[in-house]
Amino acid sequence: MDKILIHGGHPLSGSIKVSGSKNSSLPILAATLLTREPCVVYGVPDLSDTHYMLQILMHLGAQVERASGTVSVTAEKIQSVAPYDVVRRMRASVCVLGPLLGRCKEATVSLPGGCVIGDRPIDLHLQGFEALGAAVRVESGDIKVFAPKLTGAVINMHGKFGPTVLGTDNVMMAAVLADGVTVIEGAAQEPEVVDLATFLNKMGAKIEGAGTRRIIIEGVPALHGAEHRVIPDRIEAGTFLVAGAIAGKEVTVKRVNPEHVRAVTDALTRCGLAINVKDDAISILPNGHASALDLTTEPYPGFPTDMQAQMCALLSTSKGTSSVTENVFPQRYMHVAELKRMGAQVELEGATAVIDGVDCLLGAPVMASDLRASAALVLAGLKADGITEVSRVYHIDRGYEHLDEKLSELGAHIERVKAA
Ligand code: EPU
């Protein structure tokens, strides 16, 4: 397994271009199953998660071509069964259920395995399918959905921890081909949901209200092919801004939608860091004195759970005592034990991490446990004294396109040690 070595203490400066969004690409690629006609998606990042999604589409019968960030999918004839072997590597494979149900009126998709960021139920997705008229069974680890006919309905996607993003996507993708009007109440408002709705509308769907709490979908008989460029990855952008906050002189992220990153730039400003926004570029000008912060993760437009680990890395060396409360995935704290190995002072109290900032962290061998936790460890290593060795970097490759190369362009001393 590859490792990443970071020699801490080398300041970052310069700019990077943000890649296309992972969390937009995955459901948008799944949505290509809704039509027999060719679709072209631009800006798909080169990640193992997008690669897994394309493997699932091919397994289902789609023709897939990929040239750099451009992916062409033609799902002329498809079948509707995705077994465990095909879906086990990625939770997001669940988002083929909606398009398969919409187009084939049936689907069997194996439940993906456990996840270190906590329990990840899909009850709301399944309730949504049932409301549209589908029969749902979970049998021997497979989810089976079947509906001779889908009929529009009023569906609520707000659960105990807020609205579900992929649940909203899944129901939207099934409902575009239902008879009549579907109203999704308590819908997720994430920019990735809006991006999916934009793509579906280009395919001929009739969706209004994406980006608000209520999405209205008027079913149509069929969708056609479409072309679409996915939005920039707001979590990658945020991660590089925090890298700049931790170890930067001046770091600029380009090709970003500043509105999508607002919660992160607001948090960094509250830490006392200067942020400049110009068109689609955001610069961070650290002054070496980030201060403590009380932070709570929330569904969009609140502070994203996908940036929580990276902020914990920053707050570990910020002046004063910070508190971080995780409201979306309350158990998403796998990075804490590893940050503590580097000298961070963090105590967990339920879903809250109380962080006493220290003057400096010390490089150590640490283990990546999930995508964002791994990013946090790399960021911590940028400033730590000595060498930080992050193992299991396949987690990083799931969701950051060339993270080590981009950090290296900014001046980090970072190397990837390939597995023998
Ligand atoms: N939930 C339920 N029932 C459901 C679905 C979700 O109770 O049926 C709960 C979850 O357990 C969680 C909360 O609702 O407590 C929100 O989960 P959500 O369904 O919104 O998560 P997701 O759609 O599975 C996407 C992203 C995650 C991101 C979350 C929250 C993709 C592919 N994944 O997951 O991204 O953390 O939304 O914003 O879009 C990542 O990129 O590192 C990542 C984990």
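Structure's up top.
Every value quoted in this text rests on a predicted model; they were computed, and no experiment measured them.

Looking at this structure, I do not really get the overall build of the protein. What am I missing?
Summing up its helical and strand segments, the protein has 14 helices and 26 strands in all. Taken over C-alpha atoms, the radius of gyration comes to 21 Å for the protein, in line with the 22 Å a tight globule of 420 residues would show. Dimensions of the protein, computed from the C-alpha atoms along their principal axes, are close to 65 × 45 × 40 Å. Taking all 420 residues of the protein together, 58% fall into the buried category. Counted over contacts in the protein with a minimum sequence separation of 6, partners at least 24 positions apart contribute 73%. In the structure as shown, the protein presents an accessible area of about 16200 Å², 50% of it carried by carbon and sulfur atoms. For the protein, the distance from the average site of its 39 positive side-chain charges to the average site of its 47 negative ones is 2 Å.

Explanation requested: a positive patch on the surface in the structure shown.
On the surface, Lys17, Arg229, Lys254 and Arg255 cluster together to form a positively charged patch. Tracing the backbone through its elements, the reader meets Arg255 in the loop between strand S17 (248–254) and helix H9 (262–270).

Honestly, the sheet that holds strand S26 (residues 413–417) in this entry has me stumped. Any pointers?
Whether parallel or antiparallel, the strands of a sheet pair through hydrogen bonds between backbone atoms. With mixed pairing, the four strands of this open sheet are ordered in space as S24-S25-S1-S26. The open sheet has two edge strands with one neighbour each: strand S24 (365–367) and S26. In this sheet, adjacent strand axes meet at a mean angle of 20° when their direction is disregarded. On the sheet, helix H12 (residues 371–383) packs against strand S1 (3–7), S24, strand S25 (387–391) and S26 and is oriented at approximately 170° with respect to S25.

Before we go on, may I ask you to explain the nonpolar core in this structure?
Across soluble globular proteins, you tend to see nonpolar side chains buried next to one another. Of all hydrophobic cores here, the largest spans 75 residues; its most connected members are Met172 and Leu200. Those residues within four positions of Met172 in sequence are excluded, and the remaining contacts are Ile184, Val193, Leu196, Ala197, Leu200, Ile207, Ile215 and Ile217. By size, the runner-up hydrophobic cluster in this structure holds 69 residues, among which are Val256, Leu273, Ala353 and Ala380.

Is there a simple way to think about the environment of Ile78 in this case?
Structurally, the position occupied by Ile78 is in the loop between strand S5 (70–74) and strand S6 (81–82). Non-local contacts of Ile78, meaning those with residues more than four positions away in its chain, are made with Leu33, Leu60, Gly61, Ala62, Leu100, Arg103 and Cys104.

Would you take a moment to explain the site of the ligand for this structure?
What surrounds the ligand is a group of 23 residues, the closest being Asp123, Thr164, Leu166, Asp306 and Val328. In the model, a nitrogen atom of the ligand is placed 2.7 Å from a nitrogen or oxygen of the Asp123 side chain. Computed on the free molecule, the ligand has an accessible area of 830 Å², of which 91% lies beneath the protein chains in the complex. Looking at the shell around the ligand, the elements with two or more residues in it are helix H1 (22–31), helix H5 (123–131), helix H6 (165–175) and H12. At three residues, the largest contribution of residues to the shell around the ligand is made by H5. Residues that form the shell around the ligand fall into these classes: twelve nonpolar, four polar and seven charged. The residue makeup of the shell around the ligand includes at least three contributed by each of domain 1 (2–18 + 232–418) and domain 2 (22–229).

Calculation rules
Residues numbered from 1 in each chain as written. Predicted model: local features only at pLDDT ≥ 70, side-chain atom pairs only at ≥ 80, totals over all residues. Heavy atoms only, no water. Helix = DSSP H or I, 4+ residues; strand = E, 2+ residues; numbered from the N terminus. Rg over C-alpha atoms; globule rule 2.2 N^0.38 Å. Buried < 20%, exposed > 50% of the residue type's maximum accessible area, 1.4 Å probe, protein only. Contact = heavy atoms within 4.5 Å. Areas by Shrake-Rupley, 256 points an atom, 1.4 Å probe, with all protein chains shown as cover. Lys, Arg positive; Asp, Glu negative; His and termini not counted. Charge placed at Lys NZ, Arg CZ, Asp CG, Glu CD. Patch = residues over 30% accessible without salt bridge, like charges linked within 9 Å, V, L, I, M, F, W, Y side chains within 5 Å. Salt bridge = Lys/Arg side-chain N within 4 Å of Asp/Glu carboxyl O. Pairing = 2+ DSSP bridges. Axes fitted to C-alpha atoms, helices over the stretch in contact; angles between N-to-C directions. Core = buried A, V, L, I, M, F, W, Y, C linked by side-chain atoms within 4.5 Å. Near = heavy atom within 4 Å. Polar contact = N/O pair within 3.5 Å; in protein donor to acceptor, adjacent residues only side chain to side chain. Nonpolar A, V, L, I, M, F, W, Y, C, P; charged D, E, K, R; others polar. Domains from an automatic or database assignment.

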